[in-house]
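Each chain, letter by letter, is given below.
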Number of protein chains: 2
Amino acid sequence: MELQETLRAKGYRLTPQRQLVLDAVTDLGHATPDEACAWVKERSSAVNISTIYRTLELLEELGLVKHAHLSHGAPTYHAAAAPEHVHLICRVCGAITEVPPSTVAPLVDELDRNHGFVADVGHLTVFGVCAKCHQS
Amino acid sequence: MELQETLRAKGYRLTPQRQLVLDAVTDLGHATPDEACAWVKERSSAVNISTIYRTLELLEELGLVKHAHLSHGAPTYHAAAAPEHVHLICRVCGAITEVPPSTVAPLVDELDRNHGFVADVGHLTVFGVCAKCHQS
DNA sequence: GTTAATGCAAAAACTTTGCAAACCT
DNA sequence: AGGTTTGCAAAGTTTTTGCATTAAC
């Protein structure tokens, strides 16, 4: 689905800024508002930081991006078009690994059956220690 | 283990403020720095918000509290002494449910076996829609 | 008496808001 | 043309830092 169609379906307009912000998030994989802003600045004229915030909020409303609070402070956005994935974050080295949702399918089933809770897998983040750091 | 012993083992001192902050987190179950500050203010003389921040950081270093990024922005702390639990957060009504770690044991095993990733269950948060909100 | 910890105030980081000018359709 | 979106600047939040004073040991 084109960005323009999605926007116009709700009376919004396609602007270069909106396309750029979506491109930034898609290309970066994970991006804070600041990082997205920097990405845009590198390859086009700068987009104001407040526009970045407004655009990310809009894109999230449209379901094109999602956000999670991965690190300390800033929220991290990623494109919803990307295949859903679970984040593994190493607390020692900070590395972010992605694993397929099938990994957590049993958990999702369990929560649904026993708690009536429908988990949003695309938003799931597991903190811990990665293989590399666990050796030391 | 007493708070005082734990502190002194590392050359730190026990102060009323530190005891109060730990009490706040323990009693509240989940608390943002601001909420902990309010709790203290209600039953004792006020503790400066910067002291709250410094104390939470210290208590976390000592392993007495842990934090997660549950909501938008503010980190949420909980006592490490409390039994470990997984947080289920409903994106519709905001309700926080706690479930025992056994629920996610299969997932934890899987991540360890296939990715060498040792998950920190006490820090695990699952976003989704709770039973109540899912009906509508 | 030493050294660590607190409170205060100022700064830093992050996010939101109002409004005139510019742009999309 | 008409309504939406942007950039700018200012204000709001949340968190951190420096330093003199106070308190723990």
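As a starting point, this report considers the structure included with it. (Residues numbered from 1 in each chain as written. Chains lettered and ligands numbered in written order. Predicted model: local features only at pLDDT ≥ 70, side-chain atom pairs only at ≥ 80, totals over all residues. Heavy atoms only, no water.)

The next subject is the overall build of chain A. Summing up its helical and strand segments, chain A has 6 helices and 6 strands in all. Listing the helices and strands of chain A from first to last along the sequence gives α-α-α-α-β-β-β-β-α-β-β-α. Looking at chain A residue by residue over its 136 residues, the buried ones come to 43%. Element-wise, carbon and sulfur atoms account for 51% of the exposed surface of chain A, whose accessible area totals about 7200 Å². (Helix = DSSP H or I, 4+ residues; strand = E, 2+ residues; numbered from the N terminus. Buried < 20%, exposed > 50% of the residue type's maximum accessible area, 1.4 Å probe, protein only. Areas by Shrake-Rupley, 256 points an atom, 1.4 Å probe, with all protein chains shown as cover.)

Okay, the interface of chain A and chain B next. Where interface size is given, it is often the accessible area lost as the parts come together that is meant. Each partner contributes to the interface: chain A provides 31 residues, whereas chain B provides 30 residues. Where chain A abuts chain B, roughly 2700 Å² becomes buried across the two surfaces, and 69% of that area is made up of carbon and sulfur atoms. There are 4 residue pairs in polar contact (both at pLDDT 80 or more) connecting chain A and chain B. Counting residues per element, the ones that place at least two in the side of chain A that touches chain B are β3 (86-90), α5 (105-115), β5 (118-119), β6 (125-129) and α6 (131-135) of chain A. With 5 residues, β6(A) is the single largest residue contributor to the side of chain A that touches chain B. (Contact = heavy atoms within 4.5 Å. Buried area = accessible area lost by both parts, 1.4 Å probe. Polar contact = N/O pair within 3.5 Å; in protein donor to acceptor, adjacent residues only side chain to side chain.)

The transformation that overlays chain A on chain B combines an axial shift of 0.1 Å with a rotation of 179°, and the residual RMSD is 0.2 Å. Here the two chains are linked by the operation of a two-fold rotation axis. When each C-alpha of chain A is compared by its distance to the rotation axis, A:H69 comes out closest, at 2.9 Å. In this assembly, 97% of the residues forming the interface of chain A have copies in chain B that are likewise at the interface, indicating an isologous arrangement. (Least-squares fit on C-alpha atoms with pLDDT ≥ 70 in both.)

In the vicinity of DNA strand C lie 20 residues, with A:R8, A:R13, A:Y53, B:R13 and B:R18 positioned nearest. Restricting attention to atoms of DNA strand C within 4 Å of the protein, one finds that 71% of them are sugar or phosphate atoms. Within the side chain of A:R13, an N or O atom sits 2.7 Å from a base oxygen of DNA strand C. At a separation of 3.2 Å, a phosphate oxygen of DNA strand C approaches a polar backbone atom of B:N48. At the level of secondary structure, the elements contributing two or more residues to the surface near DNA strand C comprise α1 (3-8) and α4 (49-61) of chain A together with α2 (16-28) and α4 (49-61) of chain B. Of the residues contributing to the surface near DNA strand C, the split by class is 7 nonpolar, 7 polar and 6 charged. (Near = heavy atom within 4 Å. Nonpolar A, V, L, I, M, F, W, Y, C, P; charged D, E, K, R; others polar.)

We now examine helix α5 (residues 105-115) of chain B. Residue and element names in this part refer to chain B. For α5, the full list of buried residues reads L107, E110 and L111. Considered in projection along α5, the buried side chains sweep an arc of 95° and stay on one side of the axis. Two residues or fewer after α5 comes G116, characterised by a positive phi angle close to 65°. (Arc of directions from axis to C-beta.)

We now examine the protein's contact with DNA strand D. Contacts to DNA strand D come from 22 residues, most closely from A:R13, A:R18, A:T51, B:R8 and B:Y53. At the protein interface, 68% of the atoms of DNA strand D within 4 Å belong to sugar or phosphate. Take A:Q17: an N or O atom from its side chain is 2.9 Å from a sugar or linking oxygen of DNA strand D. At 3.2 Å from a phosphate oxygen of DNA strand D is found a main-chain nitrogen or oxygen belonging to A:N48. Considering only residue class, the surface near DNA strand D consists of 8 nonpolar, 8 polar and 6 charged.

What follows covers the packing of helix α3 (residues 33-43) of chain B against α4(B). Residues and elements named next belong to chain B. Between α3 and α4, whose axes approach to 10 Å, the crossing angle comes to 115°. Like other packed secondary-structure pairs, α3 and α4 cross with a definite hand, here right-handed. Contacts between α3 and α4 pair P33, D34, A36 and C37 from the former with I49, I52, Y53 and L56 from the latter. Among the residues making up the contact of α3 with α4, the classes are represented as 7 nonpolar, no polar and 1 charged. (Axes fitted to C-alpha atoms, helices over the stretch in contact; angles between N-to-C directions. Left-handed = near helix turned anticlockwise from the far one by under 90°.)

The next thing to look at is the pattern of salt bridges. Counting across every chain of the model gives 4 salt bridges over all chains. One salt bridge in this structure joins A:K66 and A:D120, with 3.7 Å as the shortest N-O distance. Linking A:K66 in strand β1 (residues 65-68) with A:D120 in the loop between β5 and β6, this pair joins segments that are 54 residues apart in sequence. On the basis of relative accessible area, A:D120 is assigned to the buried category, the value being 12%. The salt bridge involving B:R43 is made with B:E42; its shortest N-O contact spans 3.0 Å. Residue classification places B:E42 among the exposed residues on the basis of a relative accessible area of 64%. (Salt bridge = Lys/Arg side-chain N within 4 Å of Asp/Glu carboxyl O.)

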